[in-house]
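Notes for the structure review
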Amino acid sequence: MKRKTGKQLILLLFLLFAVTALQNFIQQRSRASLLHTDTCFTESFREQALSPLLYQQLEAGNYTDGEFADLFTATMLNQRFYPKKISGDNCPYLRFKQDEYLFLKDCYSAIWNDLETFPIPARTGTDIQEEISYENTFGARRDYGGSRTHEGCDLFGRISESGFYPVISMTSGTVAKIGWLPLGGYRIGIRASHGGYFYYAHLASYEKNFQIGEPVKAGQILGYMGDTGYGEEGTAGKFPVHLHLGIYIDTQAGEELGVNPYYVLQAMEKKAKKYTY
């Protein structure tokens with residue numbers, strides 16, 4: 001009888017283990033189902049809804065670039081792109097959707113890994129919140145040049161004077177594009193080292209005669225906030241003075257995709273530089 005009872009206990013433990021393993025497998029598979037090859041095109045991903053507090057907590061860990069990106073990506077995925085806490089378990093994604101996970105990690109790296117400062121410095125003796133205002137208008141309707149959506153964030157200065165506020169590079173990188181666009185006026189695009197493209201538009205003027213491929217450093221003055229655009233070269237004054245900031249990543253289809261700069265800007269407020277101007 002004792003022998004039979006022992007075998008039954010072993011069988012019961014085995015079944016318990018098997019059921020637990022199956023439940024864990026199903027749970028991990030379910031979590032990984034959130035991830036697809038086109039995840040970066042979803043509205044939830046493009047929103048980049050990370051709070052300044054969580055960004056500070058992630059930064060405080062003093063991680064390497066890869067560790068930071070892993071923790072960032074897992075945190076966003078584990079809480080369906082609107083996280084309230086740091087959550088670094090990436091095992092389900094590496095187990096079931098490794099290629100998709102690594103691509104998404106590269107996307108987050110392109111947006112967040114090279115950031116060093118806010119795109120407009122505060123004047124010495126003031127705070128950035130006193131100088132600059134902006135709202136979350138990503139995706140809002142625009143009609144100049146045809147029906148379209150706003151792929152960026154507009155920053156307005158307390159002093160609405162063209163050429164007053166310097167615009168600085170948020171990242172180190174190289175000049176990818178420069179010159180006039182009918183929509184963006186005088187603009188400059190900086191390609192950061194992890195692949196992100198940071199687009200600064202409606203400038204009143206450039207700080208210098210930048211050349212394509214020229215290196216720039218984070219905090220370097222690119223130009224000055226203005227109101228150029230919406231017409232042929234030199235057109236100005238068709239809208240209030242502001243900086244349009246766009247952030248773009250490369251997709252697997254080889255096209256550039258805009259993501260929302262609003263939460264990036266919020267995270268960078270505490271890193272705003274102070275210049276005398």
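In what follows, the structure referred to is the one given above.
So, here's what we can say about the structure.

Parameters and conventions
- Within each chain, residues carry numbers counting from 1 in the order of the written sequence.
- For this predicted model, a pLDDT threshold of at least 70 governs which residues receive local features, and a threshold of 80 or more governs which side-chain atom pairs are given and counted, while totals over whole chains, interfaces and linings are taken from all residues.
- Calculation of side-chain values draws on the structure's entire complement of heavy atoms; hydrogens and water are dropped beforehand.
- Helix and strand definitions follow DSSP, with helices as H or I runs of at least four residues and strands as E runs of at least two, each counted in order from the N terminus.
- Burial here depends on accessible area, computed with a 1.4 Å probe over protein chains only, as a share of the maximum for the residue type. Under 20% is buried, over 50% is exposed, and the range in between is partly exposed.
- Polar contacts, as counted here, are pairs of nitrogen or oxygen atoms within 3.5 Å of one another; within protein the pair requires one atom able to donate a hydrogen and one able to accept it, and residues that are adjacent in sequence qualify only if both atoms are side-chain atoms.
- Pairing of aromatic rings covers Phe, Tyr and Trp, the last through its six-membered ring, and needs centres within 6.5 Å; plane angles under 30 degrees mean stacked, over 60 mean edge-to-face, and all others mean tilted.
- Charge-over-ring placement is defined geometrically: NZ (Lys) or CZ (Arg) within 6 Å of the ring centre, and within 35 degrees of the ring normal.
- Two strands are counted as paired when DSSP detects at least two bridges linking them.

Despite not being glycine, asparagine 62 shows a phi value in the positive range, around 55 degrees. Relative to the assigned elements, asparagine 62 resides in the loop between helix 3 (52-60) and helix 4 (65-78). Phi at tyrosine 230 takes a positive value of approximately 70 degrees, unusual for a residue other than glycine. Here tyrosine 230 shows up in the loop between strand 11 (221-225) and strand 12 (243-250).

Before going further, it helps to examine the side chain of histidine 242. For histidine 242, the position within the fold is in the loop between strand 11 and strand 12. When its relative accessible area of 7% is taken as the criterion, histidine 242 is described as buried. At 2.8 Å, the side chain of histidine 242 forms a polar contact with the backbone oxygen of proline 240.

So, on to the packing of aromatic side chains. With the rule as written, the count across this model stands at 17 aromatic pairs. Between phenylalanine 72 and tryptophan 112 the ring centres are 5.1 Å apart and the planes differ by 40 degrees, which places this aromatic pair in the tilted class. Residue phenylalanine 72 is found in helix 4, and its partner tryptophan 112 is found in helix 6 (residues 98-112); the two are separated by 40 residues along the sequence. You'll find phenylalanine 72 and tryptophan 112 in the same group, each marked buried. With a centroid separation of 6.0 Å and 70 degrees between ring planes, the pair formed by tyrosine 165 and tyrosine 277 is classed as edge-to-face. One end of the pair, tyrosine 165, is in the loop between strand 5 (153-157) and strand 6 (166-168); the other, tyrosine 277, is in the segment after strand 14 (274-275), with 112 residues separating them in the sequence. Exposure remark for tyrosine 277: the relative accessible area of 29% places this residue in the partly exposed category. Chaining the aromatic ring pairs together yields one cluster made of Phe45, Tyr55, Phe68, Phe72, Tyr108 and Trp112. Sitting over the face of the ring of tyrosine 197, lysine 177 holds its NZ or CZ atom 5.8 Å from the ring centroid.

Extensive coverage of strand 9 (residues 197-206) is indicated by the burial of seven of its 10 residues. Relative to strand 9, strand 8 (residues 185-192) is paired through five bridges, and the arrangement is antiparallel. For tyrosine 186, the partnering residue across the bridge sits in strand 9 and is leucine 203. Between strand 8 and strand 9, which follow one another and run antiparallel, lie four residues, and glycine 195 among them has a positive phi close to 105 degrees. Note that strand 9 and strand 12 share five bridges and pair antiparallel. Within the sheet, the bridge partner assigned to tyrosine 199 lies in strand 12 and is glycine 246. Relative to strand 11, strand 9 runs antiparallel, the two being bridged by three bridges. Following the sheet pairing, leucine 203 is matched in strand 11 by methionine 225.

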